[in-house]
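# Understanding the architecture of this molecule
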Amino acid sequence: LLLLCYTEEAAVIVSGLKNTDVFVGESATFTCELSHPGVKNVQWWLDGSPLHNNLVTEISEQDGMIHTLTLNDVACHDSGTVTFRAGSLISSAKLLVKGILLLE
């Protein structure tokens, strides 16, 4: 019988954030998967500013391993670098919000 004891240092990012392009008013979703649950100090950032759960920003986790950030109703000024940090693990990706050009 082999018992595996996971420590925070043993966790790795299985699947990191991917660059995402969306149009103004759409939602942008970023997902990061960790190798196992229990990693402390999980935080999402947009251009260096910490993000928190609210009407526009949805932060969730599944099984303690799949961490998801959804930014709803994005605007042009939301373009920037999204960063996920869990303990000493970091993953970043670019968010590009494209405007809609109205032709008359």
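From a predicted model like this one, the values you see are computed outputs, not experimental measurements. (Residues numbered from 1 in each chain as written. Predicted model: local features only at pLDDT ≥ 70, side-chain atom pairs only at ≥ 80, totals over all residues. Heavy atoms only, no water.)

Here we take up the overall build of the protein. Helix and strand content of the protein: zero helices and nine strands. Ordered by position in the sequence, the α and β elements of the protein form the string β-β-β-β-β-β-β-β-β. Residues counted as buried form 32% of the 104 residues belonging to the protein. Restricting the contact set of the protein to residue pairs at least 6 apart, pairs at least 24 apart contribute 61%. (Helix = DSSP H or I, 4+ residues; strand = E, 2+ residues; numbered from the N terminus. Buried < 20%, exposed > 50% of the residue type's maximum accessible area, 1.4 Å probe, protein only. Contact = heavy atoms within 4.5 Å.)

Moving on, we come to the sheet that holds strand S3 (residues 28–34). Hydrogen bonds between backbone atoms are what pair the strands of a sheet, whose relative direction is either parallel or antiparallel. With antiparallel pairing, four strands are arranged side by side in an open sheet as S1-S3-S7-S6. With partners counted over all chains shown, the strands left at the sheet margins are strand S1 (13–15) and strand S6 (57–62), one partner each. With strand direction ignored, the average angle separating the axes of adjacent strands in the sheet is 25°. Alignment of S3 against strand S7 (residues 66–71), held across six bridges, turns out to be antiparallel. Bridge pairing links Cys32 to His67 in S7. (Pairing = 2+ DSSP bridges. Axes fitted to C-alpha atoms, helices over the stretch in contact; angles between N-to-C directions.)

Our focus in this paragraph is unusual backbone geometry. Phi is positive for Asp63, close to 60°, though the residue is something other than glycine. On the secondary structure map, Asp63 appears in the loop between S6 and S7. A positive phi angle is found at Asp73, which is not glycine, with a value near 50°. Inspection of the secondary structure puts Asp73 in the loop between S7 and strand S8 (80–86). Looking at Asp73, the relative accessible area reads 57%, which means it is exposed.

We now examine the sheet that holds strand S4 (residues 42–46). Pairing is mixed across the open sheet formed by five strands, whose spatial order is S2-S9-S8-S4-S5. In the strand order of this sheet, the two ends are held by strand S2 (20–23) and strand S5 (49–50), each with one partner. Relative to strand S9 (residues 89–98), S8 runs antiparallel, the two being bridged by seven bridges. Of the residues in S9, the one forming a bridge with Ala86 is Leu89.

In this structure, Asn72 sits in the loop between S7 and S8. The class of Asn72 is buried, set by a relative accessible area of 17%. Polar side-chain contacts of Asn72 include one of 2.9 Å to the side chain of Ser27. Not counting residues up to four positions away in its chain, the partners in contact with Asn72 are Glu26, Ser27, Leu55, Val56 and Glu58. (Polar contact = N/O pair within 3.5 Å; in protein donor to acceptor, adjacent residues only side chain to side chain.)

This part is about the packing of aromatic side chains. Tallied over the entire structure, the rule returns one aromatic pair. The positively charged end of Lys98 is found above the aromatic ring belonging to Phe23, 4.8 Å away from the centroid. (Phe/Tyr/Trp six-rings, centres within 6.5 Å; stacked < 30°, edge-to-face > 60°. Lys NZ or Arg CZ within 6 Å of the ring centre and 35° of its normal.)

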